[in-house]
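Residues per chain, in single letters:
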Amino acid sequence: MNKKTSPECVKDFPNPGFGLGLRSKHFNDILENKPEVDWFEIISENFMDSGGRPKNVLRRIAERYKVVMHGVSLSIGSADDLNFEYLTKLKNLAAEINPLWISDHLCWTGINGLNSHDLLPMPLTEESLKHVCKKIDQAQDFLGRPLVFENPSTYLRFKQSTINEWDFLRLMTEETGCGILLDVNNVYVSSFNNDFDAAHYIENLPHEKIVQMHLAGHQNCGDYIIDTHDNFVAPQVWQLFSLAWKLTNGAAVLLEWDSNIPDFDVYHSELLKAKDFMNDLPEIRNFETHKKSESDGVSNPLDFLVTDVSYELNR
Amino acid sequence: MPTDTQKNLAQIQNWMQSVLVSPEFDSANTADFVNDSSRLSAERHLRIYRQSYIARLRDCMKNQFSALAFALGEDLFQMFADQYLEAYPSGSYTLNDLGKNFAAHLQETRPDAGSAEKESWIDFMIELANFEYSLSIIFDEHADEKIVLADDSTTDESLKLIPVFHLFRHTYPVCRYYLDVVNKNEPELPFEETSFCTVSRYNFRLNLLEINPAQYFFLEKLRDGESVAEAKDQTVYKFGFDAKDFENVWQMWRKNFIAADFLRVESVGAD
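As the structure is a computational prediction, the values presented were derived from the model and not from experiment.

*Asks:* Sorry, what's going on with the nonpolar core here?
*Replies:* Counting 106 residues, the largest nonpolar core has A:M172, A:L182, A:V184, A:M213, A:L215, A:F241 and B:M16 as its most contacted members. Setting aside residues no more than four positions away along its own chain, B:M16 makes contact with A:W108, A:L120, A:P121, A:L156, A:F158, B:L46 and B:Y49. Counting residues in each nonpolar core, the second largest holds 44 residues, with B:Y84, B:A129, B:Y177 and B:C197 among its members.

*Asks:* How should I be thinking about the state of the cysteines in this particular structure?
*Replies:* Disulfides are covalent bonds that link the sulfur atoms of two cysteine residues. Residue and element names in this part refer to chain A. Using the criterion set out here, one finds 0 disulfides over all chains in the structure. Here C107 is not disulfide-linked; the sulfur of C178 is the nearest cysteine sulfur, at 13 Å. What makes C107 buried here is its relative accessible area of 0%. Distance from the sulfur of C133, which forms no disulfide, to the nearest cysteine sulfur (C178) is 7.3 Å. Its relative accessible area of 5% is what places C133 among the buried residues.

*Asks:* Any chance you could explain the packing of aromatic side chains here in plain terms?
*Replies:* Each aromatic ring pair is described using two quantities: the centre-to-centre distance and the angle formed by the ring planes. Residue and element names in this part refer to chain B. For the structure shown, the criterion picks out 35 aromatic pairs over all chains. Summarising the aromatic geometry, the rings of F77 and F102 are spaced 6.1 Å apart at their centres and angled 85° between planes, so their arrangement reads as edge-to-face. One end of the pair, F77, is in helix 5 (residues 74-87); the other, F102, is in helix 6 (residues 102-108), and 25 residues separate them in sequence. Each member of the pair F77 and F102 is classed as buried. Between the aromatic rings of F124 and Y177, the centroid separation amounts to 5.0 Å while the plane-to-plane angle is 85°, which identifies the pairing as edge-to-face. Residue F124 is found in helix 7 (residues 120-139), and its partner Y177 is found in helix 8 (residues 174-182); the two are separated by 53 residues along the sequence. By the burial criterion, F124 is buried, and Y177 matches it.

*Asks:* Whenever I open this one, the sheet that holds strand 4 (residues 205-211) of chain B confuses me. Can you help?
*Replies:* Backbone-to-backbone hydrogen bonds join strands into a sheet, with any given pair of strands oriented parallel or antiparallel. Residue and element names in this part refer to chain B. In space, the 3 strands of this open sheet follow the order 2-3-4, with antiparallel pairing throughout. Two strands close off the open sheet at either side, each with one partner strand: strand 2 (164-170) and strand 4. Taken pair by pair, the neighbouring strands of this sheet meet at an average axis angle of 20°, ignoring direction. As defined by bridge partners, strand 3 (residues 195-202) adjoins strand 4 across 7 bridges and the pair is classed as antiparallel. What sits directly across from V199, in strand 4, is L208. Packing of helix 7 onto the sheet brings it into contact with strand 2, strand 3 and strand 4, and relative to strand 2 it is tilted by some 180°. Against the sheet, helix 9 (residues 213-223) contacts strand 2, strand 3 and strand 4, and its axis sits at roughly 140° relative to strand 2.

Definitions and limits used
Along each chain, residues carry numbers from 1 onward, in the same order as the chain's sequence is written. For this description, chains carry letters from A and ligands carry numbers from 1, given in the order in which they are written. Selection of residues for local features in this predicted model requires a pLDDT of at least 70, selection of side-chain atom pairs for listing and counting requires 80 or more, and totals for whole chains, interfaces and linings are taken over all residues. Side-chain numbers here rest on the full set of heavy atoms in the structure, without hydrogens or water. We call a set of buried Ala, Val, Leu, Ile, Met, Phe, Trp, Tyr and Cys residues a nonpolar core when their side-chain atoms join them within 4.5 Å. Each residue's exposure class comes from its accessible area (1.4 Å probe, protein chains only) as a fraction of the maximum for that residue type: buried when under 20%, exposed when over 50%, partly exposed otherwise. Here, two residues are considered to be in contact whenever any of their heavy atoms come within 4.5 Å of each other. Count a disulfide wherever a pair of cysteine sulfur atoms falls within 2.5 Å. Whether two aromatic rings pair depends on their centres lying within 6.5 Å, for rings of Phe, Tyr and Trp, where Trp uses its six-membered ring; planes under 30 degrees apart make the pair stacked, over 60 edge-to-face, and the rest tilted. Under the DSSP-based scheme used, a helix requires at least four consecutive residues in state H or I and a strand at least two consecutive residues in state E, with every element numbered from the N terminus. Two strands pair under a simple rule: DSSP has to find at least two bridges between them. Angular values range over 0 to 180 degrees, each being the angle between N-to-C directions of two axes fitted as lines to C-alpha atoms, with helices fitted over their stretch in contact.

The values are spatial; any link to function lies outside them.
This is the structure in structure tokens:
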């Protein structure tokens, strides 16, 4: 692909349409069958250090498909300073594969140099807003492009929080020029866990700053919901998607599936269901309680980030 | 000087992180930081993160050390993994580094550390842990794989090892055990037995091959930059082989090494 300069403003980002997360299980399917998928989202950390098969496959896929880089370790909300070794690797990968944009999460992953490898919730305060905006400015200056931040699934609300998450995201975009990755499933999960109205959340975001949406499956554990990315999208999330689609004038859509990953055709079919919900706006305020899952899930499953070497053996 | 902002944020994050990573759940200050919701107490909200933290990292460890997990059994592996994660919490942005110090940790905390008589099974576990972590590194190491593989017509003078090629010597049959686990043969724990193997990567796929001591010696020489002729001479000398007989052995080795895809054609002027 030709090298292009990244747009300076998120409103100038292109809309690539309907995309899928790039997972190693599907590498061969994609390379051999060249499916008609609009774009792929990669997990940046899977490829930043790779000198083997993952990077080789990514180069080949980036020659044919549009690619977006999605990270899990920027830790923009940590009280720690930015990790410039990490940012340098992110920048180098972006220079190599020319992504449409780079995204990460409004969260922190650790402090004092530790990494929990979880997307931990922010105390939403004036002070943390100032801190996050300062770090976003630094990261955007370093990378030379606006970044996009996703609302994470949250399982608690801090007593110290004084700002609603939708307002925090709006203020962040106003202050830094960053964009929003609206994870519709995460809104639903967080609203269930923290007693807020999911539709109200989506209605009160700055829709013109929403570059992309995420869809995913979750697990209902009875009195809380875990964002497991291991299942089909729940009906309640499709309903919220319908609202978000309308309000964002059809932002780019990406289906995540990170655990119990199905065959590529099943994964792709689930993404294309989004087209059935684009113009429909069913009743969205009174969700039924989900059927309880048989087992407790793990939030933000990251096991796909570690290569299963045995799968890559010649036998 | 940190501002009040950073201090407050840091206080909250320090508190939450300490709750997540500590082996025992301390709920004492939870109500100072976390709200109850209509369905859950503050403590239960916090427990969701705590449970996910350890479950996620255990899964990653099990993925990175699948043969070791089989060898130890689920409970023992989990105990060692939990102890390791407490002693060496991750400081890396990538989970691929998670098991970097696991073998060293097993050595540091070996159950027989205080006794004069050493338990041999622990040595096997440490070798296996080292081997599995090495495989994950070799799988993704940087190398130019634009090479021409050797074939029957390649002269000995043009033979070189491929760029991603590693030799291992173990005091247990670690490679065989690993392959048996991967192939779902459910192997028994092995007895002590010096073993040798190669791990090579061609076309981004790993190849594991058990070899004998003489082959290990010969390939070590090639790896260190010596020619096939020099490596052959040294092997004959080291193992007291008859030079004429060894020529027949070499022809078999050569055929097998070419079939295993770890010999390439030396490009003129490139090496």
